[in-house]
Amino acid sequence: MLADRHSSQHFLTRRFAMQFGSIINSVRAQFPALSRTIDNQPAVYFDGPAGSQVPQAVINAVTHYYTTHNANSHGDFATARESDAALDAAALVFADFFYADDPLEIVWGANMTSMALAMSRTLAKTWSPGDEVIVSQLDHDANFTPWVMAAERVGAVVKRIPLRKEDCTLDIDAYQQLLSPRTKFVALGCASNAVGTINPVEQMTRMAKQVGALVWLDAVHFAPHDLPDVQRWGCDFAIASAYKFFGPHLGILWAKSELLHSLQPDKIRPAPNTPPGRWMTGTQAHELIVGAAAAVDYLAGIGRQLAPGTDMTRRAALLTVYQAIKEYEQSLATRFLQGVSELKQVRVWGITDHTRISERVATFSISHARLKPCELVEMLDRHGIFAWHGNFYAVPWSEAMGLEPDGVTRVGFLHYNTSAEVDRLLAVLCELE
Ligand SMILES: Cc1ncc(COP(=O)(O)O)c(C=O)c1O
């Protein structure tokens, strides 16, 4: 049944995917921040991997919550009921976003890092000395150190999936060797926030399942570029952070219902005994939950714009917009890679072969032969281009690549960026040849 829904939705996405470029101006007009100028030139936001800009619809949703429904949960009066209804509606939105069976599988939290730390403490209660936990060298520290610390506390063994340094992909053969009947837990990233590699998480989850391990997927860097699908991935947990995909600062966890029931999180009396409430400590950021749902609805709205006259479910609209975004971002990435391949002073880390463009998202870490990353970022800033330097807390990666302490310069393209902006970046890099 799910598979049928999926394939018919996929058909819709392919029919309408090509039109994204034609609506880019109306898309950009929805983001107030994008009208910012620096020295009379439009600012270029290539800092998206560290946090995206938000559309007016998200700002409106947060404001509307405050001006209309602001109340604590479970009160017997109008605003409390309205507030609860808004939160229930947001859980439905995120069930569609993750492709979950049930909105009760959606848990809110402050951010991915806090939620991973809390989950690591909970899962460690089920681990014994000698059990094995697998992490990867391509992950953000938030999807690495929580599991390492929790494993060390109970005497579990930590194994690390190594990198293939030539293209910054995970070594799947080595991963196969690491799996054993003692593997209890595998933490993987869906896409690298440093080099953009998309990991084959569906295949890697299947491999982990053959030894009976639980699988946690960090979709934080994936979600701005592609739509999560926990049914296809076959994982046990998936987590995203709304500020990376056009929403406010909020962590959103999906977990299998039976695990939300059976695992024992640390909780105190205000939290109920049933999920998802038993996983949430204290009062949640209601306005941000509503704002995060508005970010998903903003995306679905573009999906509907791309397929006018069709009566799509929210999930189908999301599949449509993400297919369009993916192809559009791939065109920006290809343009960048082609331009940069002519520059002698610039090195791009990770996948650079444009025939493999579908194996990466449009997040690029680069090094310049003469300029330190901080100097290159300063130079870009002088041209009104916002970028980051450092390791972006993808520390296992930067250490493995020998890129500490200076790191690299990172530019990330999101669906609101344009080919003209990519050309402006290439022009600055060209001047530095
Ligand atoms: C891939 C990835 N995972 C996890 C995190 C941490 O997310 P949060 O800031 O929500 O704690 C980040 C933040 O940059 C990230 O890029």
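All figures in this text were calculated on a predicted structure; none of them were measured in a lab. (Residues numbered from 1 in each chain as written. Predicted model: local features only at pLDDT ≥ 70, side-chain atom pairs only at ≥ 80, totals over all residues. Heavy atoms only, no water.)

Looking at the overall build of the protein
Alright, step 1. Regarding its fold elements, the protein presents 15 helices and 17 strands.
Alright, step 2. Relative to the globule expectation of 22 Å for 433 residues, the C-alpha radius of gyration of the protein, 22 Å, shows essentially globular dimensions.
Alright, step 3. With the C-alpha coordinates aligned to their principal axes, the bounding extent of the protein is approximately 60 × 55 × 40 Å.
Alright, step 4. Taken across its 433 residues, the protein has 58% of its residues classed as buried.
Alright, step 5. For the protein, contacts bridging at least 24 residues in sequence account for 71% of all contacts bridging at least 6.
Alright, step 6. Approximately 17800 Å² of the protein is accessible, and the part contributed by carbon and sulfur atoms is 52%.
Alright, step 7. Charged side chains of the protein number 37 positive and 45 negative; the gap between the two group centres comes to 2 Å. (Helix = DSSP H or I, 4+ residues; strand = E, 2+ residues; numbered from the N terminus. Rg over C-alpha atoms; globule rule 2.2 N^0.38 Å. Buried < 20%, exposed > 50% of the residue type's maximum accessible area, 1.4 Å probe, protein only. Contact = heavy atoms within 4.5 Å. Areas by Shrake-Rupley, 256 points an atom, 1.4 Å probe, with all protein chains shown as cover. Lys, Arg positive; Asp, Glu negative; His and termini not counted. Charge placed at Lys NZ, Arg CZ, Asp CG, Glu CD.)

Thoughts on the site of the ligand
Alright, step 1. The environment of the ligand is made up of Asn111, Met112, Thr113, His140, Ala142, Asn193, Asp218, Val220, His221, Ser241, Tyr243 and Lys244.
Alright, step 2. In the environment of the ligand, an oxygen atom lies 2.5 Å from a nitrogen or oxygen atom belonging to the side chain of Thr113.
Alright, step 3. Taking Ser241, its side chain carries an N or O atom lying 2.4 Å from an oxygen atom of the ligand.
Alright, step 4. Relative to its unbound accessible surface of 400 Å², the ligand loses 90% to contact with the protein. (Near = heavy atom within 4 Å. Polar contact = N/O pair within 3.5 Å; in protein donor to acceptor, adjacent residues only side chain to side chain.)

Topic: the sheet that holds strand 11 (residues 237–241)
Alright, step 1. Overall, mixed pairing links the seven strands, which are arranged 4-12-11-10-9-5-6 in an open sheet. If you trace the sheet from one side to the other, it starts and ends with strand 4 (106–109) and strand 6 (157–161), each paired once. Adjacent strand axes in the sheet meet at a mean angle of 20° when their direction is disregarded.
Alright, step 2. Inspection of the sheet shows strand 9 (residues 183–189) paired to strand 10 (residues 214–218) by five bridges, in the parallel sense. Residue pairing across strands places Gly189 opposite Asp218, the latter belonging to strand 10.
Alright, step 3. Against the sheet, helix 6 (residues 145–154) makes contact with strand 5 (132–136), strand 6, strand 9 and strand 10, and its axis sits at roughly 160° relative to strand 5, the strand it touches most. (Pairing = 2+ DSSP bridges. Axes fitted to C-alpha atoms, helices over the stretch in contact; angles between N-to-C directions.)

A few points about the sheet that holds strand 13 (residues 346–349)
Alright, step 1. The strand order 13-14-17-16 describes an open sheet built from four strands, whose pairing is antiparallel. On the outer flanks of this sheet lie strand 13 and strand 16 (388–390), each paired with one strand and no other. On average, each strand axis in the sheet is inclined to that of its neighbour by 35°, with strand direction left out of account.
Alright, step 2. Relative to strand 17 (residues 408–412), strand 16 runs antiparallel, the two being bridged by three bridges. Each bridged residue has a counterpart across the sheet, and for His389 the counterpart in strand 17 is Thr409.

Comments concerning empty space enclosed by the protein
Alright, step 1. This model, assessed by the stated rule, comprises one cavity of 30 Å³ or more.
Alright, step 2. Roughly 30 Å³ of volume is contained in the largest cavity.
Alright, step 3. Partitioning the lining of the largest cavity into residue classes produces three nonpolar, four polar and one charged. (1 Å grid on protein atoms, 1.4 Å probe; cavity = no way out; pocket = protein on both sides within 12 Å on 5 of 7 lines; lining within 4 Å. Points joined across faces, edges and corners; volume = space filled by probe spheres on them. Nonpolar A, V, L, I, M, F, W, Y, C, P; charged D, E, K, R; others polar.)

Observations regarding the side chain of Asn193
Alright, step 1. Counting through the fold element by element, Asn193 comes out in the loop between strand 9 and helix 8 (201–210).
Alright, step 2. Residues contacting Asn193, with those up to four places away along its chain left out, are His140, His221, Thr363, Phe392, Ala394 and Arg410.

Things to note about the pairing of strand 4
Alright, step 1. Burial of strand 4 is two-sided: the residues Ile106 and Trp108 facing one way and the residues Val107 and Gly109 facing the other way are all buried.
Alright, step 2. Relative to strand 12 (residues 251–255), strand 4 runs antiparallel, the two sharing four bridges. Its bridge partner lying in strand 12, Val107 is registered against Leu253.

Some words on helix 5 (residues 112–124)
Each α-helix turn comprises 3.6 residues. Residues three or four places apart therefore point the same way.
Alright, step 1. Look at helix 5: 18 Å from first C-alpha to last across 13 residues, which is about the 18 Å you get at 1.5 Å a residue.
Alright, step 2. Buried within helix 5 are the following residues: Met112, Met115, Ala116, Met119, Ser120, Thr122, Leu123 and Ala124.
Alright, step 3. Packing partners of the buried residues in helix 5 comprise strand 4, helix 6, strand 9, strand 10, strand 11 and strand 12.
Alright, step 4. Sitting at the amino-terminal end of helix 5 is Asn111, which places a side-chain oxygen 3.3 Å from the backbone nitrogen of Thr113. (Expected span 1.5 Å × (residues − 1).)

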